[in-house]
Amino acid sequence: MSDNAQAANTGGGATVHINTISGGSQSFGDHGTAESTNCTTVVASPQYADLLTSVRRLRRDLERGERAADDEVLDAELADVEGEIARTGRSGAGPLARVRARLAEYAPAATTAASVTAVLQALAQLPQLPG
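Residues numbered from 1 in each chain as written. Predicted model: local features only at pLDDT ≥ 70, side-chain atom pairs only at ≥ 80, totals over all residues. Heavy atoms only, no water.

Give a description of helix α4 (residues 93-105) that names residues and reports values.
Helix length check: α4, at 13 residues, gives a terminal C-alpha distance of 18 Å against a target of 18 Å (1.5 Å per residue), a fit within 8%. When we look at burial in α4, the residues that qualify are P95, L96, V99 and L103. The buried side chains of α4 occupy one side of the element, clustering within an arc of 100 degrees when seen end-on. Exposed positions of α4 whose direction lies more than 90 degrees from the buried face are A104 and E105. Buried-residue contacts for α4 involve α2 (46-63), α3 (69-88) and α5 (113-124). (Helix = DSSP H or I, 4+ residues; strand = E, 2+ residues; numbered from the N terminus. Expected span 1.5 Å × (residues − 1). Buried < 20%, exposed > 50% of the residue type's maximum accessible area, 1.4 Å probe, protein only. Arc of directions from axis to C-beta. Contact = heavy atoms within 4.5 Å.)

So what's going on with a nonpolar patch on the surface? Residues and values would help.
A cluster of nonpolar side chains, namely V16, I18, I21 and F28, defines an oily patch on the protein surface of about 370 Å² accessible area. Secondary-structure assignment places I18 in the loop between α1 (3-9) and α2. Judged by its relative accessible area of 45%, I18 is partly exposed. (Patch = residues over 30% accessible without salt bridge, like charges linked within 9 Å, V, L, I, M, F, W, Y side chains within 5 Å. Areas by Shrake-Rupley, 256 points an atom, 1.4 Å probe, with all protein chains shown as cover. Salt bridge = Lys/Arg side-chain N within 4 Å of Asp/Glu carboxyl O.)

Outline the pattern of salt bridges, listing residues and values.
Scanning the entire structure with this criterion turns up five salt bridges. Across the pair R59 and E82 runs a salt bridge, and its minimum N-O distance is 2.5 Å. With R59 in helix α2 and E82 in helix α3, this residue pair connects regions lying 23 residues apart in the sequence. Taken as a pair, R59 and E82 share a single burial class, namely buried. Salt-bridge contacts for R102 lead to E77; the nearest nitrogen and oxygen are separated by 3.4 Å.

Give me the packing of α2 against α5: which residues, what numbers.
Viewed as axis vectors pointing N to C, α2 and α5 meet at an angle of 160 degrees, and their least axial separation amounts to 8 Å. By the criterion of interaxial angle, the relationship of α2 to α5 is roughly antiparallel. Both α2 and α5 take part in a crossing whose hand is left-handed. Here D50, L51, S54, V55, R57, L58 and D61 of α2 come into contact with α5, specifically with S115, V116, A118, V119, A122 and L123. Of the residues belonging to the contact of α2 with α5, the class tally is eight nonpolar, two polar and three charged. (Axes fitted to C-alpha atoms, helices over the stretch in contact; angles between N-to-C directions. Parallel < 35°, antiparallel > 145°, perpendicular 65-115°, else oblique. Left-handed = near helix turned anticlockwise from the far one by under 90°. Nonpolar A, V, L, I, M, F, W, Y, C, P; charged D, E, K, R; others polar.)

By themselves, these are just geometric observations and shouldn't be taken as functional.
Spelled out as structure tokens, the structure:
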């Protein structure tokens, strides 16, 4: 069947036949719009996954109750490490060392002691941080 005959059979409008589309967005018609969303999944090593879980738990614990200035600084450093691991699957030695040092001098309240210990233990499992 010719293109003209096929157009006549479909009411005279344009037709589009697509076999395969891989990637990108397509839009058809006078008022068609196309949106494209790209997501990348980062998979952290088991050590970094454990650290990420511990950091998130500690940050939740710090949100409870009154916050001191030290809590704000610690939370900001934890947020940096959390964001870096979430984006890249790992964190640099500098931010990790700062968190470890902050936690070593931090006098945790009883409600956060377990979370602080969990973060310190997770940090100890990372090979790039010396003892």
